[in-house]
Amino acid sequence: MSEKTPDNDPIEDLEGSPEIQATDLQGELSILPLRDTVLFPHAILPLAVARESSVALIHDAVRERKVIGVVTQRDPAIESPADADIYRVGTATRIHKMFKFPDGSLRLVVQGLARFRLREIIQYRPYLKAAIETLHDDARPDDALEIQGLMQSIHGLFPRVIELSPTLSDELQPLAASIQDPARLADFIIGSLPSLETAQKQELLEVLDIRSRLDRIHKILAKDLEVLEVGNRIQSQVKTELQKNQREYYLREQMKAIQRELGEGDEQQREHNDLRDKIENAGMPDDVKKEAFRELDRLSRMAPAAAEYTVTRTYLDWLVALPWNRRSETEIDIHKAKEVLDADHYDLEKVKERILEYFAVRKMKPDIKGPILCFVGPPGVGKTSLGRSIATALGRKFHRISLGGMRDEAEIRGHRRTYIGALPGQIIQGLRRTESKNPVFMLDEVDKIGADFRGDPSAALLEVLDPEQNNTFKDHYIDVPFDLSEVLFITTANVLDTIPPALRDRMEVIRLAGYTEEEKLHIARRHVIPRQLDNHGIASETIAFGEDAIVRLIRDYTREAGLRNLEREIASIIRKVARKRAEGMHENVAVTSARVEDFLGAPYFMREEIEERTLIPGVAIGLSWTAAGGEVLFVEATQMWGQKGLTLTGQLGDVMKESAQAALSWVRAHARKLGVEESFFERVDIHLHVPEGAIPKDGPSAGVTLTTALVSLLTGRPVRPLVAMTGEMTLSGRVLPVGGIKEKVLAAHRLGIREVILPKRNEKAVIEDIHENVRREIVIHLVSTLDEVLDLALTPSPPLDLPRQREQWADGLSH
């Protein structure tokens, strides 16, 4: 084998050196270790030499025209082999040519001379040198006949192996036929066979008995010939069965045929065995395991090309992937859980208390069924993030499923396997993703589930969210029961009205009202500002938000129950600071109340508007509840010449319209007591309007506000400034309780209302839900009758002479 060398690289030809015979070997030889290569006597082989010690050895050997010994390493990865790292038998070698490369490495063409055995290593540096003894081939006279027979058989087998093997050159056949020396023939064939491993070649190098060596070579050739003939027969069989353009299928069939001949089984059988092992180790209940094995037996009888094969295989993959007995839960530490909840969420004491109660009970009774909690509150108050904190405190996996706009019942229960592209429902998919039987599932926006001809997802949730039923939940795709009783389900909603009663009955409702100004201030400092600084890559010392600036953002730029708009405004300020720093400004920025307007422009809300609007008689301030939290609304009343007309505008619902009619009836019935002419309604029309007419409004809680606005209009007594009210009224003058007290009071607090009039029967909600700091800043009046409401709401000035005023007003109209 010749080596191509770069231009100008020196080539040293050693062909002219004296011929060295095996009998001329000295008692010592320089040893060249080889990696993954065995050199046999009489064989010519190219070698690459790069190790420093080996390069030094070759230079000395070439200079002194010495024979060297080559010995194979036991482990080719060893860089500096010692005595124990090389085999004991090697080959004395003569160097024919040497090629020098610029990197210092060498390429050699060498020829083996004779076998030798290492007696001992006598030198390690700069290269190995050993005392050796020459080994000679052993041929007993009694074996002559057998050796002759083996040679003839080998001369017959080797050409057939060459003919069938794609890796052996045809030139080897005449070379082998010309060799009559049995020992040399054996060494030639051993060095030519690519099927032999290095260890096998070394083992044959150490065999000195010629008959034994030929016998082993004969067996190797016979085995190789059998394998090649089988492969050739398989290839012929496969080719006759397949078309020319089915190459991929041909390769697969060829592999199967080879595996069958070797007795290893085909790929399909291995897949079935693998699935069987997975089913055994999945921890399935007995009835589920029985169903899985039944489907596996069906699969084993199907052809892989059948359409049903993929469907059944996918089904079994889903079965074995589900966490039938895998759980992820650490020891519950109540104090640590409280720290996690407090660190992630400010306030929300009632919610945290209920969660910690569940933790405590679960610690005492680990097998308790999880409650179905429903967090109800306006957007941005932390419902979803609270679910993540619960999962962290419990040490469980967390999975969120958005139910908003979901209309297909199959999203919950899955599709039946008969449909193309069928999949399990979101519940089973979530269990597979979490790889746990007891995760925390957050079912977000449960109040926004839809329904159409495909079914009602909320009806499918009835089984999922019932602890008495969900231990045998059956998905349409899986079609076997799965125990959901260990899953902690948490749902979120903005309103409860749209949730079906049967579904609402299965959930423990926990209300999250909006935040007070003080709470928003703390949350902004502890969570919102650090998070936004990190999101925008701004260091905390670069920008400092003053407390007055945050308060102004809350009051004048964001009037909401949650924190999303506040976070957006803070992010807007930080972005503007980031732009200035990118433009070259390096000074730190202090955001004060005065500078907020420079960053964000004019305030969105004006507090002075409330006092101005209530200076006119007939305007009262009411409180309402919405899905986004509490809101303040104005009720305006005016009168004009007419005949018993009542006009209601502002996109009012039926209930609110009835409240307005009831309010007018009560005022007419008590006109004398109120100082109003009893027949006032005979000559006037009354118009009640609730501004922001584009927003629908409904509910009975505006009854007292409508009544107050009418009385204020008819008596000429304006409503006291910064006084708001809510409550349902009756024709007998009673004030009935309403809902959403906390949200309504917080809305009043946000807008600077100083006094709030509430029904007496809502006292419990005031004590439990309204924070003490809010009660300190707002005077809360609890009333039972409309008379109390009017005494508190209207200015104490005496009634005007309205009959005379109306006559003057009528005269003015006639003129």
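Quantities reported herein were computed from a predicted structural model and do not represent experimental measurements.

1. Observations concerning the sheet that holds strand S9 (residues 398–402)
Working step 1: Spatially, S9-S10-S13-S8-S14 is the arrangement adopted by the 5 strands of the open sheet, whose pairing is parallel. The outermost strands of the open sheet, each flanked by one partner alone, are S9 and strand S14 (508–511). Each strand axis lies, on average, 25° off the axis of its neighbour in the sheet, ignoring direction.
Working step 2: Most of the contacts of helix H15 (residues 426–434) go to S9, to which it runs at about 155°, and overall it touches S9, strand S10 (440–444) and strand S13 (488–493).

2. Some details on the pairing of strand S7 (residues 129–134)
Working step 1: Of the pairings in the sheet, the one linking strand S2 (residues 28–34) to S7 comprises 3 bridges and is antiparallel in character. By the bridge assignment for S7, Glu-28 is matched with Ala-131.
Working step 2: Once strand S6 (residues 106–123) ends, the chain turns through 5 residues before running back antiparallel as S7.

3. A look at the sheet that holds strand S20 (residues 684–689)
Working step 1: Judged by pairing direction, the sheet is mixed, and its 7 strands sit side by side in the order S19-S20-S18-S17-S21-S24-S25 without closing on themselves. Because the sheet does not close on itself, it has two edges, and the strands there are strand S19 (645–649) and strand S25 (779–783). In this sheet, neighbouring strand axes are inclined to one another by 25° on average, regardless of whether the strands run parallel or antiparallel.
Working step 2: As paired strands, strand S17 (residues 619–626) and strand S21 (residues 723–725) are joined by 2 bridges and run parallel to one another. Counterpart to Gly-622 in the pairing with S21 is Met-725.
Working step 3: The sheet strands contacting helix H25 (residues 703–715) are S17, strand S18 (629–641), S20 and S21, and the helix crosses S18 at an angle near 35°.
Working step 4: Together, S17, S18 and strand S24 (755–759) form the strand contacts of helix H26 (residues 741–750), whose direction differs from that of S18 by roughly 75°.

4. Considering the environment of Thr-795
Working step 1: Relative to the helices and strands, Thr-795 is located in the loop between helix H29 (786–793) and helix H30 (802–814).
Working step 2: When residues no more than four places from it in sequence are discounted, the contact partners of Thr-795 are Arg-717, Pro-718, Val-719 and Arg-720.

5. Concerning the environment of Val-577
Working step 1: Note on placement: Val-577 falls in helix H20 (residues 564–582).
Working step 2: Taking the C-alpha atoms as reference points, Val-577 and Ile-538, 39 residues apart in sequence, are found 8.9 Å from one another.
Working step 3: Excluding residues that lie within four positions of it along the chain, Val-577 makes contacts with Ile-543, Val-589 and Phe-599.

6. Structural notes on the packing of aromatic side chains
Working step 1: Under the criterion given, the structure shown has 5 aromatic pairs.
Working step 2: Summarising the aromatic geometry, the rings of Tyr-358 and Phe-359 are spaced 6.0 Å apart at their centres and angled 50° between planes, so their arrangement reads as tilted.
Working step 3: Taking the relative accessible area as the measure of exposure, Phe-359 reaches 0% and is therefore buried.
Working step 4: For the cation-ring pair, Arg-417 lies above Tyr-315, with the distance from its terminal atom to the ring centre recorded as 3.8 Å.
Working step 5: A cation over an aromatic ring shows up here: Arg-613 above the ring of Phe-634, its NZ or CZ 3.8 Å from the ring centre.

7. Observations concerning the packing of H25 against H29
Working step 1: Look at H25 against H29: their axes get within 10 Å of each other, and the N-to-C directions meet at 60°. Looking at the two axes, H25 sits oblique to H29. Here the hand of the crossing between H25 and H29 comes out right-handed. Across the interface between the two elements, Val-704, Thr-707, Thr-708 and Val-711 of H25 pack against Leu-786, Val-789, Leu-790 and Ala-793 of H29.
Working step 2: Residue classes in the contact of H25 with H29 are distributed as 6 nonpolar, 2 polar and no charged.

8. What to know about the side chain of Thr-542
Working step 1: Along the chain, Thr-542 falls in the loop between helix H18 (517–535) and strand S15 (543–545).
Working step 2: Assessed through its relative accessible area of 7%, Thr-542 is described here as buried.
Working step 3: Contact partners of Thr-542, with chain neighbours within four places excluded, come to Arg-581, Asn-588 and Val-589.

9. Concerning the nonpolar core
Working step 1: In terms of nonpolar packing, the biggest core is built from 51 residues, with Phe-359, Phe-375, Ile-390, Ile-543, Phe-545, Ile-570 and Val-591 touching the most fellow members.
Working step 2: Beyond its immediate stretch of four places on either side in the chain, Ile-570 contacts Ala-524, Val-528, Ile-529, Phe-545 and Leu-553.
Working step 3: Grouped together as the second largest cluster of nonpolar side chains are 50 residues, Leu-461, Phe-473, Tyr-477 and Phe-482 included.

10. A closer look at the pairing of S9
Working step 1: The alternating pattern of S9 places His-399 and Ile-401 on a buried face, while none of Phe-398, Arg-400 and Ser-402, on the opposite face, is buried.
Working step 2: For S9 and S10, the ladder comprises 5 bridges, and the chain directions are parallel. Bridge pairing in S10 places Phe-398 opposite Val-440.

11. Notes on H26
In an α-helix, one full turn covers 3.6 residues, which means residues spaced three or four apart are oriented alike.
Working step 1: Summarising burial for H26: 10 of the 10 residues are buried, a large majority.
Working step 2: Residues of H26 that are buried: Ile-741, Lys-742, Glu-743, Lys-744, Val-745, Leu-746, Ala-747, Ala-748, His-749 and Arg-750.
Working step 3: At its buried positions, H26 is contacted by H18, S17, S18, S24, helix H27 (763–769) and helix H28 (772–777).
Working step 4: A positive backbone phi angle near 80° is found at Gly-752, which sits one or two residues after H26.

12. So, the packing of helix H23 (residues 654–669) against H25
Working step 1: Their axes nearest at 9 Å, the elements H23 and H25 cross at an angle of 45°. As summarised for this structure, H23 and H25 are arranged oblique, according to the angle between their axes. For the crossing formed where H23 meets H25, the hand is right-handed. Residue-level contacts link Met-656, Ser-659, Ala-660, Ala-663, Leu-664, Trp-666 and Val-667 of H23 to Gly-703, Leu-706, Thr-707, Leu-710, Val-711 and Leu-714 of H25.

13. Focus: the side chain of Ser-712
Working step 1: Topologically, Ser-712 is positioned in helix H25.
Working step 2: Apart from residues no more than four positions distant in its own chain, Ser-712 is found in contact with Pro-617, Gly-618, Val-619, Arg-717, Pro-718, Val-719 and Leu-794.

14. Details of unusual backbone geometry
Most peptide bonds take the trans form, and the phi angle of most residues other than glycine is negative.
Working step 1: For the peptide bond that leads from Arg-125 to Pro-126, omega is 0°, which places it in the cis range.
Working step 2: Tracing the chain through its elements places Pro-126 in the loop between S6 and S7.
Working step 3: Located in the positive-phi region is His-42, a residue other than glycine, with phi close to 75°.
Working step 4: For His-42, the location among the structural elements is in the loop between S2 and strand S3 (44–49).
Working step 5: In this structure, Glu-435 is a non-glycine residue whose phi angle is positive, near 55°.

15. Section: helix H2 (residues 144–164)
Working step 1: Over its 21 residues, H2 runs 31 Å from end to end, which matches the ideal 30 Å to within 8%, given 1.5 Å per residue.
Working step 2: Considered for burial, the residues of H2 that qualify are Ile-147, Leu-150, Met-151, Ile-154, Leu-157, Phe-158, Val-161 and Ile-162. With its buried residues spanning 150° around the axis, H2 presents them on a single face. Every exposed residue of H2 that faces more than 90 degrees away from the buried side is listed here: Leu-145, Gln-152 and Glu-163.

Rules behind the numbers
Residues numbered from 1 in each chain as written. Predicted model: local features only at pLDDT ≥ 70, side-chain atom pairs only at ≥ 80, totals over all residues. Heavy atoms only, no water. Pairing = 2+ DSSP bridges. Helix = DSSP H or I, 4+ residues; strand = E, 2+ residues; numbered from the N terminus. Axes fitted to C-alpha atoms, helices over the stretch in contact; angles between N-to-C directions. Contact = heavy atoms within 4.5 Å. Phe/Tyr/Trp six-rings, centres within 6.5 Å; stacked < 30°, edge-to-face > 60°. Buried < 20%, exposed > 50% of the residue type's maximum accessible area, 1.4 Å probe, protein only. Lys NZ or Arg CZ within 6 Å of the ring centre and 35° of its normal. Parallel < 35°, antiparallel > 145°, perpendicular 65-115°, else oblique. Left-handed = near helix turned anticlockwise from the far one by under 90°. Nonpolar A, V, L, I, M, F, W, Y, C, P; charged D, E, K, R; others polar. Core = buried A, V, L, I, M, F, W, Y, C linked by side-chain atoms within 4.5 Å. Expected span 1.5 Å × (residues − 1). Arc of directions from axis to C-beta.

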